[in-house]
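# Structure assessment
Chain by chain, the residues run as shown.
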Amino acid sequence: MRLGAEGELNEELLYFANRMLVYMTSSTERRLGQWEQTSWWDFTAADGASEEYRKVCVVGATRTVVAARAEVCSTYTIGGFLEAFGYGFLGRGEVQAADRVLNAPTSAAWIDPWVRHLETLGVRLELGWRVERLTVRGRTVTGAILRGPDGGQRELTADWYVCALPVDRIGALLERGLAEADPELKRTTGLRMDWMVGLQFYLTEPTPITRGHVIYQDSPWAPTSISQAQFWDTDFRATYGDGRVADCLSVDISSWDTPGILYGKPARDCTRAEVAAEVWAQLADALNDNHRQTLHEGLLHSWHLDPAVKNLDGPGEATNDEPLLINTTGSWALRPRAVTAAGNLFMAGDFVRCPVNLATMEGANQSGRAAANALLEADGHPAEPAVVHALYEPEELRRLKEVDAELYRQGRAHILDTPPPWAHAR
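Computed from a prediction, not measured in an experiment: that's the story for all the values here. (Residues numbered from 1 in each chain as written. Predicted model: local features only at pLDDT ≥ 70, side-chain atom pairs only at ≥ 80, totals over all residues. Heavy atoms only, no water.)

## A closer look at the pairing of strand 6 (residues 197-203)
Heads up, the condition is: We call a residue buried when its accessible area falls under 20% of the maximum for its residue type, exposed when it is over 50%, and partly exposed in between, using a 1.4 Å probe and counting protein chains only. Numbering of helices and strands runs from the N terminus; a helix is a DSSP stretch of H or I covering at least four residues, while a strand is a stretch of E covering at least two. Each pair of strands is called paired provided DSSP finds at least two bridges between the two strands.
In terms of burial, strand 6 is a largely internal element, six of the seven residues being buried. Examined bridge by bridge, strand 6 and strand 9 (residues 247-253) share seven bridges and lie antiparallel to one another. Of the residues in strand 9, the one forming a bridge with Phe201 is Leu249. Across five bridges, the pairing between strand 6 and strand 10 (residues 300-305) is antiparallel. Paired with Phe201 across the two strands is Trp303, which belongs to strand 10.

Structure below.
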């Protein structure tokens with residue numbers, strides 16, 4: 001980054017601090033009205049800045065926020081989550097640290113216990129069924145036509161319906177009743193999806209690289225990783241695998257269109273084995289040096305790539321059954337609320353509007369709470385509503401946000417919003 005002749009504070013880092021301060025003191029009106037329409041790339045003035053600034057502050061910052069891309073993702077999303085992480089790391093607004101992980105595999109720590117709890121309440125879970133269409137009368141859903149695992153069809157009728165399908169699966173249902181129930185749901189077809197795929201390396205020795213997530217800034221496939229055994233309340237070697245596996249290095253691959261360092265091909269054009277070898281090479285390139293070999297071939301027992309990615313070994317073009325929502329500029333307006341125009345239909349999922357403005361487990365959880373609360377209210381049920389957690393807002397910044405709200409209503413810029421120093425140098 002740029003350093004002054006006398007070693008003064010880096011002007012680019014100061015400007016990035018200004019960007020965060022502008023966002024943190026922006027009113028809700030400006031966040032939704034201006035920053036939602038502004039890409040993170042433009043907000044941080046990446047054009048004209050140094051490569052190091054773009055790598056660390058612009059692109060690198062978005063890698064903490066799933067598969068977000070600085071050039072297209074909204075500042076409302078990226079700025080909001082960097083703000084939340086910052087408060088969390090400072091111990092503000094969160095009881096525990098911001099970067100928290102489960103203490104066991106997701107199924108064991110979360111899903112299986114929840115299923116058992118639902119079953120004790122009398123819930124019957126039936127797997128393998130696919131909803132083919134909704135039957136609608138007026139603005140009321142009267143039934144759901146389902147196709148079972150044996151190919152049989154039946155109509156399910158209920159008082160209330162919750163649509164918790166992934167957003168990429170809603171398109172077909174829109175043509176078969178969902179849009180009739182609420183025409184505004186057709187806006188979801190404008191939402192953009194991208195790939196973020198999990199790859200697990202099973203290691204023969206404990207390898208706690210760091211006690212948290214690792215972001216590989218210089219790696220072309222934008223991987224992030226976490227060493228899981230250190231967090232799991234179990235004897236890893238005795239519990240999982242064939243007794244030789246002592247750790248799991250879990251990796252997310254976020255860029256599938258950039259050539260790699262081993263084969264010179266993007267991930268989409270690699271075989272499954274080439275994807276694993278390429279990711280291993282990128283991680284080793286970042287972690288190893290002449291003094292320490294964190295990753296070496298003798299450490300690798302086996303690997304597992306998400307089976308949702310199909311056709312990497314051919315034939316045909318690679319596909320992904322589980323793409324991830326990308327919060328592009330202007331996408332907030334395309335996302336539905338938990339309540340729909342149909343009085344007995346509610347929406348849940350990581351694409352539904354909620355305080356967690358990102359496609360994550362937390363976002364899905366919060367939208368589910370909102371859907372449950374809306375259903376309880378519509379039914380007039382006396383049960384206590386679920387808590388929908390709002391992101392932390394420090395009282396110290398309240399007055400600055402009030403001032404900014406007035407400035408925004410007047411059509412004026414944020415009082416701290418200034419052009420980057422390098423704009424004057426052109």
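## Overview of the sheet that holds strand 9
Convention followed: In this analysis, two residues are considered to be in contact whenever any of their non-hydrogen atoms come within 4.5 Å of each other. Axes here mean lines fitted to C-alpha atoms, for a helix over just the part in contact, with angles spanning 0 to 180 degrees between N-to-C directions.
In spatial order, the strands read 7-8-9-6-10; together these five strands make up an open sheet with antiparallel pairing. Where the open sheet ends on each side, the last strands, each with one partner, are strand 7 (214-215) and strand 10. Running at roughly 70° to strand 6, helix 9 (residues 272-287) makes contact with strand 6, strand 9 and strand 10 of the sheet.

## Focus: the side chain of Glu278
Rule in force here: All tallies of charge rest on Lys and Arg as positive and Asp and Glu as negative; His and the ends of each chain are not included. Any Lys or Arg side-chain nitrogen found within 4 Å of a carboxyl oxygen on Asp or Glu counts as a salt bridge. Here a polar contact is recorded for every N or O atom pair within 3.5 Å, except that within protein the pair must consist of a potential hydrogen donor and a potential acceptor, and residues adjacent in sequence are included only if both atoms are side-chain atoms.
Inspection of the secondary structure puts Glu278 in helix 9. No salt bridge is formed by the buried Glu278; the nearest opposite charge belongs to Lys265, separated by 8.5 Å. There is a polar contact of 2.7 Å between the side chain of Glu278 and the backbone nitrogen of Ile261. Looking at Glu278, its side chain comes within polar contact range of the main-chain nitrogen of Tyr263, at 3.2 Å. Setting aside residues no more than four positions away along its own chain, Glu278 makes contact with Trp221, Gly260, Ile261, Leu262 and Tyr263.

## So, the confidence of the model for the protein chain
Rules: pLDDT is a residue-level measure of predictor confidence that goes from 0 to 100.
In the predicted model, the protein chain carries a mean pLDDT of 92, and the fraction of residues at 70 or more is 95%. Note that pLDDT drops below 50 for residues 1-9; the model gives that stretch 18 contacts with residues more than four away or on any other chain.

## Some details on the sheet that holds strand 1 (residues 130-137)
If you walk across this open sheet you meet the three strands as 1-2-3, and the pairing is antiparallel. Strand pairing shows two members of the sheet lacking a second neighbour, strand 1 and strand 3 (153-156), which therefore form its edges. Strand-to-strand twist across the sheet, computed as the mean angle between neighbouring axes with direction ignored, equals 25°. Pairing between strand 1 and strand 2 (residues 140-147): seven bridges, direction antiparallel. Bridged to Arg137 within strand 2 is Thr140. Across the sheet, helix 7 (residues 170-181) lies against strand 1 and strand 2, angled at about 35° from strand 1, the strand it touches most.

## Digging into the environment of Glu83
Checked against the element boundaries, Glu83 lands in helix 5 (residues 75-89). The class for Glu83 is buried, based on a relative accessible area of 7%. Sequence spacing of Glu83 and Arg292 is 209 residues, and the spatial spacing of their C-alpha atoms is 35 Å. Residue contacts for Glu83: discarding those within four places in its chain leaves Met20, Tyr23, Met24 and Arg31.

## Examining the side chain of Ser367
For Ser367, the position within the fold is in helix 10 (residues 361-379). Assessed through its relative accessible area of 0%, Ser367 is described here as buried. If near-sequence neighbours (up to four positions away) are discounted, Ser367 is found in contact with Met347, Ala348, Gly349, Asp350, Val352 and Cys354.

## A look at unusual backbone geometry
With an omega of -5°, the peptide bond between Gly314 and Pro315 qualifies as cis. Even without being a glycine, Ala222 presents a positive backbone phi close to 50°. As for its placement among the helices and strands, Ala222 is situated in the loop between strand 7 and strand 8 (224-227). Under the relative-accessibility criterion, Ala222 is labelled buried at 9%.

## Quick look at the packing of aromatic side chains
The line we're drawing: A pair of Phe, Tyr and Trp rings is counted when the ring centres sit within 6.5 Å of each other, with Trp represented by its six-membered ring. The angle between the planes then sorts it: under 30 degrees is stacked, over 60 is edge-to-face, the rest tilted.
The tally for this structure, following the rule as stated, stands at 15 aromatic pairs. Plain terms: the ring middles of Tyr15 and Trp422 are 5.3 Å apart, the flat faces sit at 75° to each other, and that makes the pair edge-to-face. Taken together, the residues Tyr15 in helix 1 (residues 11-24) and Trp422 in helix 12 (residues 421-424) connect sequence positions 407 residues apart. When sorted by exposure, Tyr15 lands in the same class as Trp422, which is buried. Note on Trp160 and Phe346: the rings are 6.1 Å apart at their centroids and 40° apart in plane angle, and the pair reads as tilted. Taken together, the positions of Trp160 in the loop between strand 3 and strand 4 (161-163) and Phe346 in strand 14 (residues 345-347) put the pair 186 residues apart, joining distant regions of the chain. Accessibility expressed as a relative area gives 3% for Phe346, which makes it buried.

## Digging into the nonpolar core
Filter applied, for reference: Only buried Ala, Val, Leu, Ile, Met, Phe, Trp, Tyr and Cys residues count toward a nonpolar core, and they belong to the same one when joined by side-chain atoms within 4.5 Å.
One finds Phe201, Ile253, Trp256, Val275, Val279, Leu283 and Leu295 to be the most contacted residues of the largest nonpolar core, which totals 27 residues. For this core, the elements supplying multiple residues, two or more each, are strand 6, strand 9 and helix 9. In this structure Val279 touches Leu199, Phe201, Trp221, Val251 and Ile253, once residues within four positions along its chain are discounted.

## What to know about the state of the cysteines
Put simply, the rule is: Cysteine sulfurs are considered disulfide-paired once they come within 2.5 Å of each other.
In this structure the tally under the stated criterion is zero disulfides. With no disulfide partner, Cys57 has as its closest neighbouring cysteine sulfur the one in Cys73, 17 Å distant. For Cys57, a relative accessible area of 4% gives the class buried. Cysteine Cys354 is unpaired, with the sulfur of Cys163 as its nearest cysteine sulfur at 16 Å.

## A closer look at a nonpolar patch on the surface
In plain terms, the rule: Patch criteria: residues need more than 30% relative accessible area and no salt bridge. Like-charged residues are merged within 9 Å; nonpolar side chains of Val, Leu, Ile, Met, Phe, Trp and Tyr are merged within 5 Å. Working definition of accessibility: Shrake-Rupley area with a 1.4 Å probe, residue cover restricted to the visible protein chains.
Judged by side-chain polarity, Leu102, Trp110, Ile111, Trp114 and Met361 come together as a nonpolar surface patch covering roughly 470 Å² of accessible area. For the nonpolar patch, the element with the highest residue contribution is helix 6 (residues 106-120), accounting for three residues. One can find Ile111 in helix 6.

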